[in-house]
Amino acid sequence: EINQTNFRFGELFGYASDELYDTHVTHLVSTQFTEALTGQINTLSTEVDYVRFEIQMKTKDNAEFPADVALALFADNDEIGIICSIRDITQQKELEQELRLAFEQQKQLTELKTRFISTISHEYRTPLAIIQSSSSLLKQYYRRLSDERRLEHFEKIQNQIGRMIELLDEVLEINKSEAVGIE
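Fair warning: this is a prediction, and the values are worked out from it, not measured in the lab.

For the rest of this paragraph, the subject is the overall build of the protein. Regarding its fold elements, the protein presents four helices and three strands. Ordered by position from N to C terminus, the α and β elements of the protein give α-α-β-β-β-α-α. Its C-alpha radius of gyration of 35 Å places the protein more than 25% over the 16 Å reference for a compact globule of 183 residues. For the protein, with 183 residues in total, the buried portion stands at 25%.

Spelled out as structure tokens, the structure:
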């Protein structure tokens, strides 16, 4: 049962300082957490002298908020009591959620960049393979090839170099767009 509160208790829960005297602390807990709080109190009195946990609390007007709760045993002469410290952690939970979302977005961005690099690597390999095979043929068989066939291989090399330049320009454009904030 609640025997004493402080000024911050009234601010947090919306009750007058003595309004909840002789009321069980479970009155301040969201219904689905009543058993959890009772279990923590029972653990406190039989196994340990201090516990700390998170739980959903409720105000006088039934608005719920996440709270960090610390319970500790104390003895005053022959009486044993429990000191309860409650801290609203709504802002902390919101920040944690924002961090989770930011982490997920970063993870997605990393996956996207990995796929992009893989695609670009593949796109560069194709023209390079054509350039390599054409230049090898020209190097090995230059004298055996007709002027027309040599010209075809030189044109393939030039076309593929042009394709690589276009790919590079696209990559640079994407990088430039990212730098100025365009999605």
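Relative to strand E2 (residues 64-76), strand E1 (residues 50-58) runs antiparallel, the two sharing nine bridges. Bridged to Arg 52 within E2 is Ala 70.

Where nonpolar side chains cluster on the molecular surface, the patch consists of Leu 73, Ile 80 and Ile 82 and spans about 260 Å² of accessible area. You can see Leu 73 is positioned in strand E2.

This part is about the pattern of salt bridges. Pairing between side chains of opposite charge can happen when the charged atoms of each approach one another. Under the criterion given, the structure shown has nine salt bridges. In this structure, Arg 163 engages Glu 123 in a salt bridge whose closest nitrogen and oxygen atoms are separated by 3.0 Å. Taken together, the residues span a long stretch of sequence, with Arg 163 in helix H4 (residues 147-179) and Glu 123 in helix H3 (residues 90-141) at a distance of 40 residues. The closest approach of N and O atoms between Glu 152 and Arg 149, which form a salt bridge, is 3.1 Å. On the criterion of helical spacing, the pair formed by Glu 152 and Arg 149 is a turn pair, its members being three residues apart in helix H4. Residues joined by salt bridges that share partners form a network here, namely Arg 52, Asp 68 and Arg 87.

So, about the confidence of the model for the protein. Of all residues in the protein, 96% have pLDDT values of 70 or greater, and the mean over the chain is 87. Here helix H2 (residues 34-46) stands out as the element of the protein with the lowest mean pLDDT, 83, in contrast to E1, whose mean of 92 is the highest.

The nonpolar side chains of soluble globular proteins are, as a tendency, buried together. By size, the foremost hydrophobic cluster in this structure holds 20 residues, and its most contacted members are Phe 13, Leu 28, Leu 37, Met 57 and Leu 71. Elements with a contribution of two residues or more to this core: helix H1 (7-13), H2, E1 and E2. Once residues lying within four places of it in the same chain are set aside, the contact partners of Phe 13 are Leu 28, Met 57, Lys 58, Thr 59, Lys 60, Phe 65 and Ile 86.

Before going further, it helps to spend a moment on unusual backbone geometry. Despite not being glycine, Asp 22 shows a phi value in the positive range, around 70°. Here Asp 22 shows up in the loop between H1 and H2.

For the structure on display, the rule yields two aromatic pairs. Their ring planes at 40° and their centres at 5.0 Å tell us that Phe 9 and Phe 13 sit as a pair that is tilted. Of this pair, Phe 9 and Phe 13 both sit in helix H1, four residues apart, roughly one helical turn. The buried category is assigned to Phe 9, whose relative accessible area is 11%.

About the cut-offs
Residues numbered from 1 in each chain as written. Predicted model: local features only at pLDDT ≥ 70, side-chain atom pairs only at ≥ 80, totals over all residues. Heavy atoms only, no water. Helix = DSSP H or I, 4+ residues; strand = E, 2+ residues; numbered from the N terminus. Rg over C-alpha atoms; globule rule 2.2 N^0.38 Å. Buried < 20%, exposed > 50% of the residue type's maximum accessible area, 1.4 Å probe, protein only. Pairing = 2+ DSSP bridges. Patch = residues over 30% accessible without salt bridge, like charges linked within 9 Å, V, L, I, M, F, W, Y side chains within 5 Å. Areas by Shrake-Rupley, 256 points an atom, 1.4 Å probe, with all protein chains shown as cover. Salt bridge = Lys/Arg side-chain N within 4 Å of Asp/Glu carboxyl O. pLDDT = per-residue confidence, 0-100. Core = buried A, V, L, I, M, F, W, Y, C linked by side-chain atoms within 4.5 Å. Contact = heavy atoms within 4.5 Å. Phe/Tyr/Trp six-rings, centres within 6.5 Å; stacked < 30°, edge-to-face > 60°.

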